[in-house]
Amino acid sequence: MFISDIRKEFYEVVANQRVALLVSSDIDALCACKILQALFHCDQVQYTLVPVTGWQDLGTAFLEHKEQFRYFVLINCGANVDLLEMLQPDDDSIFFICDTHRPVDVVNVYNDTQIKLLIKQDDDLGVPSYDDIFRDEEDEGHDSGNESDGGSEPSGKRRRFDEDMWELREILFDYEQYEYHGTSAAMMFFELAWVLTKDTKDMLWWAIIGLTDQWVHDKITHMKYVTDIATMQRHVSRHNHRNEDEENSLSIDCMRISFEYDLRLTLYQHWTLYESICNSCYTSCSFKLWTLNGQKKLQEFLADMGLPLKQVRQKFNSMDMTIKENLRDVIEEASNKYGMKDIRIQTFGVHFGFKNRFLASDMVHATAALLESTEKDESDSDNFIKALDSLSRSNLDRLHSGIELAKKKLIAIQQTVASCICTNLILSQGPFLYCYLMEGTPDVKLFSKPMALTLLKSPCHCSVHSLTHGVLVDVEKGTVIVVGITPESETSDKKNFFGRAFEKASESTSSRTLHDNFDTSIIELKTEDRSKFLDALITLLS
Amino acid sequence: CNEAKSEGRAELIPSIKLRHCCLLRNQRCVTAYLYDRLLRIRALRWEYGSVLPPNIRFHMCAEELQWFGQYKKSLASFMRSLGGEEGLDITQDMKPPKSLYIEVRCLKDHGEFEIDDGTVILLKKNSQHFLPRWKCEQLIRQGVLEHVVS
């Protein structure tokens, strides 16, 4: 059931209890977790934090902790399946789910006792009403009660019963067909902190990072992003009110968050401007930098702006001040000529101390690189802990190492895209485009993680054909990771039907698939079953 | 030495003296070593608490164990004599505590761990917990948990 008053129905319930936090492995979940941890520290609520990477992990963690905890908080996992059936908990376990995955499973919505959803009800949900779904039970009763009637009657009722079942299935199919994402979990918890008036700038910054993560990894539409930015902007101005007082201005070491209408060049303030333009997905797609023509256009672009190559290839911090001052406006003007109308995007930046300035997207990339780093001897939970640490302001060296990793990741993505397109690895399979990254490809280890794969999709898309669906396939120890991607366009609503399509395809071909990821559009498949699975998918979608 | 003098074998006196000095020196070394062991055993009480892990007991001889037992007893009676009726456990909170509860991260699998109100916590690698400070101190010293400062 949906919670209406998050303070009374969630926080005050758990305030004197011990809670288990099961947190999924994505940046939004990490940020939400940090906010909740800070609140719990404030009120001394004892908790245990367990990172989970998929449904199996969730099941194991639950089994291990169900004896000791009654209250479970699930962050970014659990809303889109029938949780009670999957976990089989005791009757007194209570689950608080704050998840951005939609559609929320109808059983979770209508269960009044054990499942509490920390989701806003007006969040564009479209849940079918209770009567539509649970109506068949009443009809069943009617059916059995009327058997004593005359011969023609029972068959009439049974036909109506079948029709009802069919309608129910159709309603559920419509509802569950498309998978998409709702409001960021970090923002939900920030709102909780605000309602409790315990919100701090750190929590606000984490909420902003959670929102930016949804945008960077293409989970929400542009409209929603802009709306949520406006909400955050209100909070930022409220917090910044103190800075304006001349007499008691804050020391330079305090954290300041500011609204920025900044460039969409990834990590440009921690890199050279040239590298950043080459490796940001937006600019590299618009220029088509894997072609010679594209390279030429880039040189023209830089010349147009009057930026000498020597300056542009220097680290950003060492660039000439005169160039840096008007950089954003100059770039915006020049990019309009080259068809890049959205080179600037609304976002937030933070700075504390004299040296430390970060944009929200910088943090997202750094933390994502740490979370999915493919160093040997590091398990997923090690990476989770490292990424969680990098979000605290006191762990700046971890953040910087994350930024370096993110740079390598972006370069790898661009190189892979370039090689895929140049060697025509992207094939058209009827209703969708299909790209298979083979085992010998450099950096293929990097792409065995779902988030890196999803970052790969946008350049692939923009480059080839912006309106078709894509399936990306990648290799890892005998299994293949398949990611289904929707068409990329300005007006797309980011609704992904690949989840259901994959399920049906794997059922019909009885391929050995593992639907372990919380996103149903990412699955693991045995290499041998790849071709028959794809054939089934083609027939399903055409 | 005196016998040598009385028997008139005066030339043996330097060698006797030398040997004696050597023996005394060896005795001093051994005593220093045993005293150092004693100090370490005393420190063990402060680090590990009243029950020593078996691998440490293995390296102690019977007299040392006996000494440890007596030290434990005198420390306990001293602690009982402080602070009112219940006594004060001064082996807790070696550094001034900043908060009642601390966040700890588990560095290795330690299995189940019971806290005051009877509830059991599963300490699995890389899980984080927010627990009362006094329960965690032992495990932090043993290296199972790590205090997370954010």
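- Looking at an unreviewed UniProt entry, one finds chain B named DNA replication complex GINS protein PSF1 and attributed to Lates calcarifer.
- For the record of chain B, the UniProt heading Sequence similarities (unreviewed entry) holds the text "Belongs to the GINS1/PSF1 family."

- With an unreviewed UniProt entry as reference, chain A is termed CDC45 cell division cycle 45 homolog (S. cerevisiae), source organism Lates calcarifer.
- The Subcellular location (unreviewed entry) field of the UniProt record for chain A holds the comment "Nucleus".
- A UniProt comment under Sequence similarities (unreviewed entry) is attached to chain A, and it reads "Belongs to the CDC45 family."

## Comments concerning the packing of helix H2 (residues 27–43) of chain A against helix H18 (residues 380–390) of chain A
Residues and elements named next belong to chain A.
Phase 1: Two numbers describe how H2 lies on H18: the axes approach to 10 Å, and their chain directions differ by 65°. In terms of crossing hand, the pair formed by H2 and H18 is right-handed. Residue-level contacts link Leu30, Cys33, Lys34 and Gln37 of H2 to Phe384, Ala387 and Leu388 of H18.
Phase 2: Taken together, the residues of the contact of H2 with H18 break down into five nonpolar, one polar and one charged.

## Notes on the UniProt feature "domain: DNA replication complex GINS protein PSF1 C-terminal" (unreviewed entry) in chain B
Phase 1: Per the UniProt record, "domain: DNA replication complex GINS protein PSF1 C-terminal" (unreviewed entry) is found at residues 98–149 of chain B.
Phase 2: The span residues 98–149 of chain B carries 19% helix and 42% strand; its end-to-end C-alpha distance comes to 11 Å.

## Side note on the packing of helix H9 (residues 201–216) of chain A against helix H17 (residues 360–371) of chain A
Residues and elements named next belong to chain A.
Phase 1: Contact pair H9 / H17: the axes reach a minimum separation of 9 Å and the direction vectors enclose 75°. Classified by the angle their axes make, H9 and H17 are roughly perpendicular. Taking contact as the criterion, the partners of Trp205, Ile208, Ile209, Thr212, Asp213 and Val216 in H9 are, on H17, Ala360, Ser361, Met363, Val364 and His365.
Phase 2: Here the residues of the contact of H9 with H17 sort into seven nonpolar, three polar and one charged.

## Here we look at a nonpolar patch on the surface
Phase 1: A cluster of nonpolar side chains, contributed by Val30, Tyr33 and Leu34 of chain B, occupies part of the molecular surface with about 300 Å² of accessible area.
Phase 2: You can see leucine 34 of chain B is positioned in helix H2 (residues 13–48).

## Digging into the interface of chain A and chain B
Phase 1: Taken residue by residue, the interface counts 22 residues in chain A and 21 residues in chain B.
Phase 2: For the pair chain A and chain B, the summed buried area comes to about 1800 Å², and 47% of that belongs to carbon and sulfur atoms.
Phase 3: At the junction of chain A with chain B, the criterion picks out three salt bridges.
Phase 4: Secondary-structure elements contributing two or more residues to the side of chain A that touches chain B are H2, strand E2 (47–52), helix H3 (55–65) and H18 of chain A.
Phase 5: Ranked by the residues each element gives to the side of chain A that touches chain B, the list is headed by H18 of chain A, at five residues.
Phase 6: Examined bridge by bridge, E2 of chain A and strand E4 (residues 128–132) of chain B share two bridges and lie antiparallel to one another. Within the sheet, the bridge partner assigned to leucine 49 of chain A lies in E4 of chain B and is glutamine 128 of chain B.

## Some words on the pairing of E2 of chain A
Residue and element names in this part refer to chain A.
Phase 1: The buried fraction of E2 is high, at six of six residues.
Phase 2: In E2, alternate side chains face the same way, and those of Tyr47, Leu49 and Pro51 on one face and Thr48, Val50 and Val52 on the other are all buried.
Phase 3: Examined bridge by bridge, strand E1 (residues 19–24) and E2 share six bridges and lie parallel to one another. The partner of leucine 22 across the bridge, within E2, is valine 50.
Phase 4: Handedness of the crossover is the feature at issue here: the chain leaves E1, passes through H2, returns alongside E2, and the resulting connection is right-handed.

## Considering the state of the cysteines
Two cysteines whose sulfur atoms are joined by a covalent bond form what is called a disulfide.
Phase 1: According to the stated counting rule, one finds zero disulfides over all chains in the structure shown.
Phase 2: Not engaged in a disulfide, the cysteine cysteine 77 of chain A finds its nearest cysteine sulfur in cysteine 98 of chain A; these two sulfurs lie 10 Å apart.
Phase 3: Left unpaired, cysteine 22 of chain B is separated from the closest cysteine sulfur, that of cysteine 21 of chain B, by 7.0 Å.

## Things to note about a negative patch on the surface
Phase 1: Taken together, Glu67, Asp90, Asp91 and Asp92 of chain A together with Glu112 of chain B make up a surface patch of like negative charges.
Phase 2: Its place among the elements puts glutamate 112 of chain B in strand E2 (residues 111–114).

## Here's the deal with unusual backbone geometry
All names here are of chain A.
Phase 1: Residue proline 103 is bonded to the preceding arginine 102 through a cis peptide linkage, with omega at 0°.
Phase 2: The topology assignment puts proline 103 in the loop between strand E5 (101–102) and helix H5 (106–110).
Phase 3: Of note, glutamine 44 is a non-glycine position whose phi angle comes to about 55°, a positive value.
Phase 4: Residue position: glutamine 44 is located in the loop between H2 and E2.
Phase 5: Non-glycine residue leucine 267 carries a positive phi angle of around 55°.
Phase 6: Residue placement: leucine 267 occurs in the loop between strand E8 (256–263) and helix H11 (273–279).

## Thoughts on the UniProt feature "domain: GINS subunit" (unreviewed entry) in chain B
Phase 1: In this structure's numbering, the residues bearing the UniProt feature "domain: GINS subunit" (unreviewed entry) are residues 15–82 of chain B.
Phase 2: Secondary structure content for residues 15–82 of chain B is 85% helix and 0% strand, and the end C-alpha separation is 57 Å.

## So, the domain arrangement of chain A
How big an interface is tends to be reported as the loss of accessible area on association of its parts.
Residue and element names in this part refer to chain A.
Phase 1: Taken as a whole, chain A is organised into domain 1 (6–122), domain 2 (252–415) and domain 3 (424–541).
Phase 2: At the interface, 14 residues of domain 1 touch seven residues of domain 3.
Phase 3: In total, domain 1 and domain 3 occlude about 800 Å² of area from one another, counting both sides; carbon and sulfur atoms represent 59% of this.
Phase 4: It is Trp55, Gln56 and His101 that lose the most area in domain 1 upon contact with domain 3, and together they represent 48% of the buried surface on that side.
Phase 5: Taken together, domain 1 and domain 3 are joined by zero salt bridges.
Phase 6: Where domain 1 packs against domain 3, one counts one residue pair in polar contact (both at pLDDT 80 or more).
Phase 7: The element contributing the most residues to the side of domain 1 that touches domain 3 is H3, with three residues.
Phase 8: A per-class count over the side of domain 1 that touches domain 3 returns five nonpolar, eight polar and one charged.

Rules of the game
Residues numbered from 1 in each chain as written. Chains lettered and ligands numbered in written order. Predicted model: local features only at pLDDT ≥ 70, side-chain atom pairs only at ≥ 80, totals over all residues. Heavy atoms only, no water. UniProt positions renumbered as here; feature names shortened; annotations may be inferred. Axes fitted to C-alpha atoms, helices over the stretch in contact; angles between N-to-C directions. Helix = DSSP H or I, 4+ residues; strand = E, 2+ residues; numbered from the N terminus. Left-handed = near helix turned anticlockwise from the far one by under 90°. Contact = heavy atoms within 4.5 Å. Nonpolar A, V, L, I, M, F, W, Y, C, P; charged D, E, K, R; others polar. Parallel < 35°, antiparallel > 145°, perpendicular 65-115°, else oblique. Patch = residues over 30% accessible without salt bridge, like charges linked within 9 Å, V, L, I, M, F, W, Y side chains within 5 Å. Areas by Shrake-Rupley, 256 points an atom, 1.4 Å probe, with all protein chains shown as cover. Salt bridge = Lys/Arg side-chain N within 4 Å of Asp/Glu carboxyl O. Buried area = accessible area lost by both parts, 1.4 Å probe. Pairing = 2+ DSSP bridges. Buried < 20%, exposed > 50% of the residue type's maximum accessible area, 1.4 Å probe, protein only. Right-handed = clockwise from strand over helix to strand, strands pointing away. Disulfide = S-S within 2.5 Å. Lys, Arg positive; Asp, Glu negative; His and termini not counted. Charge placed at Lys NZ, Arg CZ, Asp CG, Glu CD. Domains from an automatic or database assignment. Polar contact = N/O pair within 3.5 Å; in protein donor to acceptor, adjacent residues only side chain to side chain.

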